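Observations on the model geometry
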Amino acid sequence: MPSSHLDAPRNDYPFGTMGTAMVTPFTADGEVDYDQAAALASRLVDDGCDNLVVTGTTGETSTLTDAENLGMFRAVREAVGGRAKVIAGSTTNDTRHSIALTRAAAELGVDGILVTAPYYNKPSQAGVRAHVEAIASCTDLPVMIYDIPGRAGIEITAETLIRLADHPNVVALKDAKSDYQSTTRVLASTDLHVYSGDDGLTLPLMAAGAVGVISVTAHVATRQYRELVDAMHAGDLPRARRLHFELDPIQRAVMSHLQGAVTAKAILHWQGVLPNAAVRLPLVEATEAELAPVRADLAEAGWDL
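None of the values given here were measured: they were computed from a predicted structure.

1. Comments concerning the side chain of Asn-51
- Secondary-structure assignment places Asn-51 in strand β2 (residues 51-54).
- Filtering out sequence-adjacent residues up to four positions away, Asn-51 remains in contact with Phe-15, Met-18, Gly-19, Thr-20, Ala-84, Lys-85, Ile-87, Tyr-195 and Ile-214.

2. Considering the packing of aromatic side chains
- Taken as a whole and judged by the stated rule, the model has zero aromatic pairs.
- Here the basic side chain of Arg-295 rests over the ring of Trp-270, its NZ or CZ set 3.9 Å away from the ring centre.

3. Overview of the pairing of strand β5 (residues 143-147)
- With five of five residues buried, β5 lies mostly within the body of the structure.
- Burial along β5 is two-sided: Val-143, Ile-145 and Asp-147 and Met-144 and Tyr-146, pointing in opposite directions, are all buried.
- Note that strand β4 (residues 112-116) and β5 share four bridges and pair parallel. Within the sheet, the bridge partner assigned to Val-115 lies in β5 and is Ile-145.
- Read as a crossover between parallel neighbours, the route from β4 over helix α4 (residues 125-136) to β5 is right-handed.
- Of the strand pairs in this sheet, β5 and strand β6 (residues 170-175) are connected by five bridges, and their pairing is parallel. If you follow Val-143 over to β6, its bridge partner there is Val-170.

4. What to know about the pattern of salt bridges
- Following the criterion strictly, the structure yields 17 salt bridges and no others.
- Here Arg-226 and Asp-50 are joined by a salt bridge, their closest N and O atoms 3.3 Å apart. Separated by 176 residues along the polypeptide, Arg-226 in helix α9 (residues 222-233) and Asp-50 in the loop between α1 (34-46) and β2 bring together distant segments of the chain.
- By relative accessible area, which is 9% here, Arg-226 ends up buried.
- Overall, Asp-50 belongs to the buried group, its relative accessible area being 12%.
- Notably, a salt bridge pairs Glu-227 with Arg-239, separated by 3.2 Å at the nearest N-O pair. Of this pair, Glu-227 sits in helix α9 while Arg-239 is found in helix α10 (residues 237-255), placing the two residues 12 residues apart along the sequence.
- A relative accessible area of 33% means that Arg-239 is categorised as partly exposed.
- The structure contains a network of salt bridges with shared partners spanning Asp-248, Arg-252, Asp-297 and Glu-300.

5. Examining the nonpolar core
- Ranked by size, the top nonpolar core spans 97 residues in total, and within it Met-22, Leu-52, Val-110, Ile-113, Met-144, Ile-145 and Tyr-195 carry the most contacts.
- Among the elements that line this core, the one with the most residues is α10, at six residues.
- For Val-110, the contacting residues outside a window of four places in its chain are Phe-73, Val-86, Ala-88, Ala-105 and Leu-141.

6. What to know about the packing of α10 against helix α12 (residues 288-300)
- Where α10 contacts α12, the axes come no closer than 8 Å and their chain directions differ by 170 degrees. When the interaxial angle is binned, α10 and α12 end up roughly antiparallel. Between α10, through Pro-249, Ile-250, Arg-252 and Ala-253, and α12, the contact on the second element is made entirely by Val-294, Asp-297, Leu-298 and Glu-300.
- Taken together, the residues of the contact of α10 with α12 sort by class into five nonpolar, no polar and three charged.

7. Let's talk about the packing of α9 against α10
- The N-to-C vectors of α9 and α10 enclose an angle of 150 degrees; their axes lie 9 Å apart at closest approach. Put simply, α9 runs roughly antiparallel to α10. In the packing of α9 onto α10, the handedness of the crossing is left-handed. Between α9, through Gln-224, Tyr-225, Glu-227, Leu-228, Ala-231 and Met-232, and α10, the contact on the second element is made entirely by Leu-237, Arg-239, Ala-240, Leu-243, His-244, Leu-247, Ile-250 and Gln-251.

About the cut-offs
Residues numbered from 1 in each chain as written. Predicted model: local features only at pLDDT ≥ 70, side-chain atom pairs only at ≥ 80, totals over all residues. Heavy atoms only, no water. Helix = DSSP H or I, 4+ residues; strand = E, 2+ residues; numbered from the N terminus. Contact = heavy atoms within 4.5 Å. Phe/Tyr/Trp six-rings, centres within 6.5 Å; stacked < 30°, edge-to-face > 60°. Lys NZ or Arg CZ within 6 Å of the ring centre and 35° of its normal. Buried < 20%, exposed > 50% of the residue type's maximum accessible area, 1.4 Å probe, protein only. Pairing = 2+ DSSP bridges. Right-handed = clockwise from strand over helix to strand, strands pointing away. Salt bridge = Lys/Arg side-chain N within 4 Å of Asp/Glu carboxyl O. Core = buried A, V, L, I, M, F, W, Y, C linked by side-chain atoms within 4.5 Å. Axes fitted to C-alpha atoms, helices over the stretch in contact; angles between N-to-C directions. Parallel < 35°, antiparallel > 145°, perpendicular 65-115°, else oblique. Nonpolar A, V, L, I, M, F, W, Y, C, P; charged D, E, K, R; others polar. Left-handed = near helix turned anticlockwise from the far one by under 90°.

Right, dumping it as structure tokens:
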């Protein structure tokens, strides 16, 4: 049985322990705002992130061109230097396209690749495995698998994840399946570095051996997540539990009412971090009525925005 990753010092983790799945800022006329992306990345790292997922789901990757994806990788890489790992969301549901974009991302100096389950076409588990292995074999970079059936339409089963863990470049899993038993089996059967992809499950997944979280809510509560993850690594469960409860209404605000990208951008705009809350169609900005429960949750956390 693999030893607990929580026993290792933080610098032994290929992707660190606490990251943010970054939004992609846009100008008011809908163009990617690379300067704002660089500023946001720097702020997140200053506040405690040691990895950033760039143009993942929350980064609206499905509506970005290849040139825009690569521009985001470049802007964030240049902004954070070696202070945090930059994980490129360079994969789609098209394996050949994913390989080409991954190779281009590698040339820009990213630190790793996020490989999501192929969405929409719903392949068999054999197809999922072949897709991930083909992408992982096209690069020397470490690969993080992203299991998010709510978005992809299919899960990556524990059996498939266990087999994929044998690939030398597959080193991590971002788990957003909300299936604690399945994740427990992966943790017990592999050496994969598992990251919670469900903000609210960070504490229980880390209790089972996950190394940390890659969060959407961390856009607006970066330091609290840093403290929670560090408390779990230190074995300070009472402190971690207190932080878990403090974060709960903030997590609900970001993740329970609207798409994460929409809510995160709205709150970042309220905080003065982003100049606008622009998203790209088919996402649309929230109305004040839609944002009312978001404000209510934040007020429960003691925030007045």
